[in-house]
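Each chain is listed here by its residues.
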Amino acid sequence: MSSSARLKCSLVVAAASLLTVLAPAATVGTASAASVSTWDKVAQCESSGNWSINTGNGYYGGLQFDSGTWAAYGGRQYAPQANLASKQQQILIGEKVLAVQGQGAWPNCGPQAGLGADHADPYPSVPPVTSQPTNVQLDIVGGDGALYSQFGNYASGSFNSGWTAISGVPISRLTSVNVGGNLVHFYAVADGRVFGRDHIPSSNTWTGWSEIPGGAANVKDIAASASGSNVILSIVGGDGALYTQFGNYDAGHFDASWVRRSGAELTRITSVTGNSDTIRIYGVGAGGRVYGADYTLYSNSVGAWGEIPGGATGVKDITASTSGTNVILSMIGGDGALYTQYGNYAAGHFDPSWVRRSGVELTNLSSVPAFNGDVVRIYAVGSGGRVYGADYTLYSNNVGAWGEIPGNATNARDIAAANSN
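Residues numbered from 1 in each chain as written. Predicted model: local features only at pLDDT ≥ 70, side-chain atom pairs only at ≥ 80, totals over all residues. Heavy atoms only, no water.

## Here we look at the pattern of salt bridges
So, step 1. Counted according to the given criterion, the structure contains 12 salt bridges.
So, step 2. For R356, the salt bridge identified is with D335, shortest N-O distance 3.0 Å. You can see R356 sitting in strand β26 (residues 355–356) and its partner D335 sitting in the loop between β23 (326–332) and β24 (338–344), a full 21 residues away along the chain.
So, step 3. For R356, a relative accessible area of 48% translates into the label partly exposed.
So, step 4. Take D335: its relative accessible area is 38%, and that puts it in the partly exposed class. (Salt bridge = Lys/Arg side-chain N within 4 Å of Asp/Glu carboxyl O. Helix = DSSP H or I, 4+ residues; strand = E, 2+ residues; numbered from the N terminus. Buried < 20%, exposed > 50% of the residue type's maximum accessible area, 1.4 Å probe, protein only.)

## Some points on helix α2 (residues 36–47)
So, step 1. Taking 1.5 Å per residue as the helical rise, α2 with its 12 residues ought to reach 16 Å, and the 16 Å between its terminal C-alpha atoms agrees with that figure.
So, step 2. Regarding α2, the residues found buried are T38, W39, V42, A43, E46 and S47. All buried residues of α2 project into a common sector of 145° when viewed along the axis, lining one side.
So, step 3. Buried residues in α2 make contact with α4 (87–101) and α5 (109–113).
So, step 4. Just downstream of α2 lies S48, where phi reads positive at about 60°. (Expected span 1.5 Å × (residues − 1). Arc of directions from axis to C-beta. Contact = heavy atoms within 4.5 Å.)

## Some remarks on the confidence of the model for the protein chain
So, step 1. When the pLDDT values of the protein chain are averaged, the result is 86; 89% of them are 70 or greater.
So, step 2. Here residues 1–31 scores under 50 on pLDDT; set against residues more than four positions off or in separate chains, the count is 42 contacts.
So, step 3. Within the model, pLDDT remains below 50 along residues 126–131, and this stretch shows nine contacts once partners closer than five positions in the same chain are excluded. (pLDDT = per-residue confidence, 0-100.)

## Digging into unusual backbone geometry
So, step 1. Phi at N204 takes a positive value of approximately 50°, unusual for a residue other than glycine.
So, step 2. Structurally, the position occupied by N204 is in the loop between β9 (193–200) and β10 (205–206).
So, step 3. Positive phi outside glycine occurs at N218, with the angle close to 60°.
So, step 4. With respect to the helices and strands, N218 occurs in the loop between β11 (210–211) and β12 (221–227).

## Quick word on the nonpolar core
So, step 1. Ranked by size, the top nonpolar core spans 39 residues in total, and within it W39, V42, L63, F65, W106, L115 and Y295 carry the most contacts.
So, step 2. Elements represented by at least two residues in this core include exactly α2, α3 (67–72), α4, α5, β13 (230–236), β14 (242–248), β18 (278–284) and β19 (290–296).
So, step 3. Top contributing element to this core by residue count: α4, with four residues.
So, step 4. Counting 18 residues, the second-largest nonpolar core is a separate cluster that includes I212, A226, I235 and Y243. (Core = buried A, V, L, I, M, F, W, Y, C linked by side-chain atoms within 4.5 Å.)

Here you go:
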């Protein structure tokens, strides 16, 4: 917030904290609400409209919340700091502040934007949390380097009859991540560089490929995870080290460069969102062994790598999915079979060993959690570059039989799976 707003909020936040303890949270009605366009004006005044801004001055995001105000009004349900939350989430917390403090919480920018005179509901009947996924989108890198797409529905238990070729540059590695239910971001390695594109499943609309800023070269593998409207990209560079990039889709930009992290001799990488402030990264390192490290968004730091228990060696590829506080790792062993591992982050440990499952001649993996929380759907490229799927049921600790995905794909080089609504 502006300098005068900061003093105001620092004086009021203690009282606001008492209110949350002594009485139920106030319901935000239209008498203390404002439209998105008005909130955009406030943000333009406060932060030049940059919803992911963090200049190090103690105030965060488009509306420049300090940490105490953000926490007192419930912001930490979305992210540790406002700049890590989506635009919608920041506005929803802004609505709560407006309901208690009025536009004077932003003494310069509030009146200037007409915040107190606009009584519109910014998000009528739009929940901040998306519904459970009902579909899975599978995509592969074909033998010709093209992107091919398939679509499955969990309710009907069926896939489309064939793979659809999507035009674009020849690619070698592929990853995808769902954001917002009806939007899937794709990232790929082409000629050692990193590109991104979007797909809207409901309209089957694709954007074209565009290069991710930072000039990455000789990239060996790529992974993506989402936290709110933010996407965290991780790559294995030509030197075998981990590099990360950070993109905010509300603000419409990525960082200007890739940040080199620790690690050496990495060959494959995967990542999952642990919570709003943590991305869990897993990589195949020297000797084909499996390691994990946490990327903390708030501090923009990656912790030390630790080897995953079980003594895996010769690993060819790896994927990860989450179920609550649990993470399910799946990897292809040196014998071409599927192996799984199970970690519980609440308890702070992994199982002592990898469990060998079925499958032979597997080369590439991807996985997604199913809608009921008890199933992880694993997809693999197998013999002849054909594509298969199998379900891992957590309750019974059982992986079902592999079934080939319809469409007669052959010579696939990589695979990515993402849920969507």
